[in-house]
Amino acid sequence: MSVFQTQQLAALEQAQPLNWLADVQQAGKAAFADTQWPTRKVEAWKYCSLKTLGDQGFDAVQPAAIADAEQLQAHINIQNLDASKLVIINGQINLELSDALALEQVTLFADANADQQAIIAERLNAARQQPNQHLFNDLNDAALQNGVLVQIAKNSRLDKPLHIVSLNTGADAAYAVNSRVLVELGTSAEMTLIEQFASLSDDADNSFTNNQTDVRVGDNARFNHYRLNMMANAASFVGTTRIDLQRDANYDAFHLGLGSVLTRNDMVINHNVGGSHAEIAGIYVPQGKQLVDFHTCIEHKVAHCTSNEVFRGIINDEAKAVFNGRIHIHQDAQKTLAELSNKNLLLTNKAEINTKPELEIYADDVQCAHGATVAQQDEKARFYLQSRGISAADAQVMLSFGFINELIDNLKLEAIGDWLRPVLAQRFGREQLFSAEQTGDL
Amino acid sequence: MISIKNLHASVEDKPILKGLNLDIKPGEVHAIMGPNGAGKSTLGNVLAGREGYEVTDGSAVMNGKELLELETEERAREGLFLAFQYPVEIPGVSNLEFLKASVDAVREHQGKDALDSVNFLKLAREKVKAVNLDQSFLKRGVNEGFSGGEKKRNELMQMMLLEPQLCILDETDSGLDIDALQVVANGVNAMRDENRSFIVVTHYQRLLDYIVPDYVHVLADGKIVKSGGKELALELEEKGYGWLENGEA
Amino acid sequence: MNDVVNPAAADMPNQEIHQRIRKEYAAGFISEIESETLPPGLNEDVIRFISAKKGEPEWLTEWRLKAYNAWLQMEEPEWAHVEYEKPDFQALSYYSAPKSMADGPKSLDEVDPKLLETYEKLGIPLHEQMALAGVAVDAVFDSVSVATTFRDKLEEAGVIFMPISEAVHKHPELVKKYLGSVVPQRDNFYSALNSAVFSDGSFVYIPKGVRCPMELSTYFRINEAKTGQFERTLIVADEGSHVSYLEGCTAPMRDENQLHAAVVELVAMDDAEIKYSTVQNWYPGDEEGKGGIYNFVTKRAVAHTNAKVSWTQVETGSAVTWKYPSCILKGDNSVGEFYSVALTNNFQQADTGTKMIHLGKNTRSTIISKGISAGKSQNAYRGLVKMNSGAEGARNFTQCDSLLIGDKCGAHTFPYIESKHPSAVIEHEATTSTVSDDQLFLCRQRGIDTEKAVSMIVNGFCKEVFKELPMEFAVEAGKLLEISLEGSVG
């Protein structure tokens, strides 16, 4: 057993379990304890080494939130975004910083009423049966105390996006945060969820976050999702997103992996009933010695569903990116339309990309296509820019940014795009020339 | 040429044709018009033998043979040609290869020798030119990446090459601009002779200005509810189909 | 595209496609030939026996034993998406030879007429006067090579084309230098097994600057029951030389599964070119999935500076196929190509693809893979494109297309793409399609029957690969597809 496992199991002993969730917690704990720490021989972790993480211990005791609210505010606000905010600091909901509206919209597992308890238990048990379940999901089940439930009733819509900010402050001793979000959208319900994972400071945060978000999108419901991974360099993150789509349900998502020593995201989208559609875009931009790994899996279980997935990555310095995009068309999933595209740019000769777009098809009357490219920048375009007096380095930055900016431009919440552009520009060592205000009328 | 009697046909157990009668003599052109959902396209598909179109009653005798008992390809070899409303694309199979296989099959059935590739190519080039398509279309995949108009002209080109006895044009005019329509009509008119018959299924009277029919039939609710000369088409254009709905004619 | 009257029409299952016609596997006959077959089982003595039987030098016996000991330590691989009953390695016989070969025929005239007859039946006449013009054939029957044609003519050009068992004696320096140089003994479970027990196979050496005057071909035939075939092919193309090589394979219809675990090594020195084509038609088992060959093959090439290696394969046979002809693009500007058609029907399973390992600068690779699945078969493409840190300016283009016929089969694509160089460019595309009802109806309405229509569509789908085959084999490959599909098309 790895140091990581030993220490997490010890921490679980200290935790106070919720009685009505004891079964799930026990099952998770047992499975977590039984799993051999994955080596690179395990296909799911082939390109994503867990060796360093496994040798590391993380405290269960989470440091208290720091008092400087002003400093915090700077980290949790997205300019011009009208959203209700739920602020979670080091795994604990912060009542002062969270909006009252957001607090109304979510239910802590610990506060759930009998009906909600039934829903939560049912969902958690179902989640354990999902494909690609790994040991961090087991750990998450074992440590469920701080989970939250978001319920959107039939035919209702959240007027404002719900913005859940998970902020880690970092501490002398590294600590672990396990967090869980359950979302339940009723028939024809609609909401936008923004999940942002961030660090208070770039140097201090060496925490480990294990987040899992399970969403059930009811008949004809719409779920818009932004999952923004922006942890500090030293922070490790393992995240799982599972989306269950019912009849005519719609999932529209944007995933960002900025990069850290370990940023791993697993996503499973289940087309459970006909007529559902999933539209997923994603960007990863690791630098330094960072690792970003996206494992996505689209399960077309039934006929007449569609999915379209586009991921782009730019890998700089000595960083490494992994993209594993699986499309699984079950035997009954006739008339499926599924497309996947993954494009990558390597900026240096120490950067590395491993991509695997997989198709697994058991139905004949379907249209599936995937494409993956690894390319260098267009020499002609670079030359054109240089011929206009732009330096080679600047040209590279401009072209790189253009490569991902296409996806940013498509975001439905423009405020998020406007907010991300300078963050990404800075990532490539370039100041944004024009602010959103300057070009808003263009 | 063909005698259709009391034809009943269903699609997925839903009756579409409900006792259709039609007699066509050699050399005649019959236009079939009617509102959406009347069964116009079904008629062509049933006669050509498309799967999923179940004949529940009636007969269709062409040149003394019961069509409905033949396989699709046998009907084609007997001289029945359906110009599709939406010709399907077959990537990877070149037009030329496809046409050769088709012409060979029909000629073999007629007891004629297969054309050698030189003569076949010569003939194919001629026909491509006649429908105003570029020669390169012969090398491209069957209908692959063709525009709507090009697909229709490709259908016409095949018709010219196969020289069928009974041609069914299923809404061949839909979606064509006036220039393309003229090309198609000229092609059809050039093929008219005393031994060849046409069923022209259309939604628009406009086509009949270019391909002048001997008879016009109105198909409504699976039956022919009114027949007349070419002037009936003008009347329909003017009055619509509403006045026929009750089957008073 | 669908008719307006009934948009649901396209939903209807195509009964025609699912209708089955039973056609016999044409190469399924058994030859009544007396054989000397080693009793089942594998141990060091068996290996010494095989080695002694061939009068091998000491170094080769040791080489085999080393491989055997490595194999003992290895575990049989498990593959996702491939299910089969694992062979019992102690129940197999590792050596079988027609008895009449015991003393070794000196020329074709001395070869057992029954053997010659077998090859005639397969359409491969071994008498030179009858042989395909311009193709030299080496025929391997169970474990041994029975005849190699056109040897004199090849010798004139300096080309060595002979059974590897003979090359061990006549050209020991070449065999010793290159055997295991591309596929090391312990590369994988089956290559280790092959290294221990390989019986025969072809050896080819093309000297510097020589363009081999004719196509070279090896024809493999498994006849004896309960035997495994472990042939070993080694082709060395010296600097600036050129060779085109083709292998064909068949086996009788038998109820039990038979194992074929070959190793093929290609060495293309600077500026050399090797074109290696395979038409694999091992017995695929019957409609219920009973019997058939397990085809577990390791094929790999090393391409030195400016060299080019091209693999073309048409795979229609075998119950289970596991093979990934690969190129190690070691030298700068070297080129690797992989063109593949893999067809599976009934209960066949194929897991095939390629590995392109780019080490040198400006290396290029092209992968065109066409998978056709019918019946209840499973057909997977599994490939690796790897750009190492020295692969400056390297390029890869991959196109993987799947055609599914019927709704009980599966088509899968698992491309691994790894890049460590910023100037390397990799493009991968994959699509899937079916033979639609609408396409068949259009063809039939034009007088073309269903079988011909499917064959046209399937051939069109495979066109890019067939054009890479030598002319006469392209025709054969097309026919082979037609026959192989006859179980699935009405």
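Right above here is the structure, for reference.
Residues numbered from 1 in each chain as written. Chains lettered and ligands numbered in written order. Predicted model: local features only at pLDDT ≥ 70, side-chain atom pairs only at ≥ 80, totals over all residues. Heavy atoms only, no water.

Trainee: Summarise the pattern of salt bridges; cite the residues concerned and give the values.
Mentor: All names here are of chain A. This structure, assessed with the given rule, holds 49 salt bridges over all chains. A salt bridge links aspartate 214 to arginine 180; the shortest N-O distance between them is 2.9 Å. One end of the pair, aspartate 214, is in strand β8 (residues 208-217); the other, arginine 180, is in strand β6 (residues 176-185), and 34 residues separate them in sequence. Residue classification places aspartate 214 among the buried positions, given a relative accessible area of 3%. (Salt bridge = Lys/Arg side-chain N within 4 Å of Asp/Glu carboxyl O. Helix = DSSP H or I, 4+ residues; strand = E, 2+ residues; numbered from the N terminus. Buried < 20%, exposed > 50% of the residue type's maximum accessible area, 1.4 Å probe, protein only.)

Trainee: Please set out helix α2 (residues 22-34) of chain A residue by residue, giving values where relevant.
Mentor: Given 3.6 residues per turn, any residue in an α-helix points the same way as the ones three and four places further on. Residue and element names in this part refer to chain A. The terminal C-alpha atoms of α2 lie 18 Å apart, and with 13 residues this matches the ideal 18 Å at 1.5 Å per residue to within 8%. All of the buried residues along α2 are Val24, Gln25, Gly28, Lys29 and Phe32. The buried residues of α2 occupy an angular sector of 130° when projected down its axis, which confines them to one face. Turned more than 90 degrees off the buried face of α2, the exposed positions are Asp23 and Asp34. Looking at the buried residues of α2, the elements they touch are α1 (3-14), α6 (114-127) and α7 (135-142). (Expected span 1.5 Å × (residues − 1). Arc of directions from axis to C-beta. Contact = heavy atoms within 4.5 Å.)

Trainee: Any chance you could break down the interface of chain A and chain C for me, citing the residues and the numbers?
Mentor: On the side of chain C, 34 residues touch chain A, which itself brings 37 residues to the contact. Interface of chain A and chain C: buried area, both sides summed, is about 2,800 Å²; carbon and sulfur atoms make up 50% of it. Put simply, chain A and chain C have zero salt bridges between them. Our count for the contact surface shared by chain A and chain C stands at 15 residue pairs in polar contact (both at pLDDT 80 or more). Contributions of two or more residues to the side of chain A that touches chain C are made by β18 (352-361) and β19 (367-375) of chain A. In terms of residues, the side of chain A that touches chain C owes the most to one element, β18 of chain A, which gives 10 residues. Of the residues belonging to the side of chain A that touches chain C, the class tally is 16 nonpolar, 12 polar and nine charged. Summarising the sheet, β19 of chain A and strand β25 (residues 425-434) of chain C pair through six bridges and their orientation is antiparallel. Along β25 of chain C, the bridge assignment pairs threonine 373 of chain A with glutamate 427 of chain C. (Buried area = accessible area lost by both parts, 1.4 Å probe. Polar contact = N/O pair within 3.5 Å; in protein donor to acceptor, adjacent residues only side chain to side chain. Nonpolar A, V, L, I, M, F, W, Y, C, P; charged D, E, K, R; others polar. Pairing = 2+ DSSP bridges.)

Trainee: So what's going on with the interface of chain C and chain B? Residues and values would help.
Mentor: At the interface, 30 residues of chain C touch 41 residues of chain B. Taken together, the two surfaces of chain C and chain B that pack against each other cover about 3,100 Å², and 60% of this comes from carbon and sulfur. Here chain C and chain B share four salt bridges between them. A salt bridge links aspartate 438 of chain C to arginine 50 of chain B; the shortest N-O distance between them is 2.5 Å. At the boundary of chain C and chain B, one finds 11 residue pairs in polar contact (both at pLDDT 80 or more). At the level of elements, α1 (15-18), α9 (437-445) and α10 (450-466) of chain C are the ones that each hand at least two residues to the side of chain C that touches chain B.

Trainee: Break down the sheet that holds strand β6 (residues 80-83) of chain B for me, citing the residues and quoting the values.
Mentor: Residues and elements named next belong to chain B. Overall, mixed pairing links the six strands, which are arranged β6-β9-β10-β3-β11-β12 in an open sheet. If you trace the sheet from one side to the other, it starts and ends with β6 and β12 (223-228), each paired once. Averaged over neighbouring strand pairs, the angle between their axes works out to 20° when direction is ignored. Sheet topology places strand β11 (residues 215-220) next to β12; five bridges connect them, and they run antiparallel. (Axes fitted to C-alpha atoms, helices over the stretch in contact; angles between N-to-C directions.)

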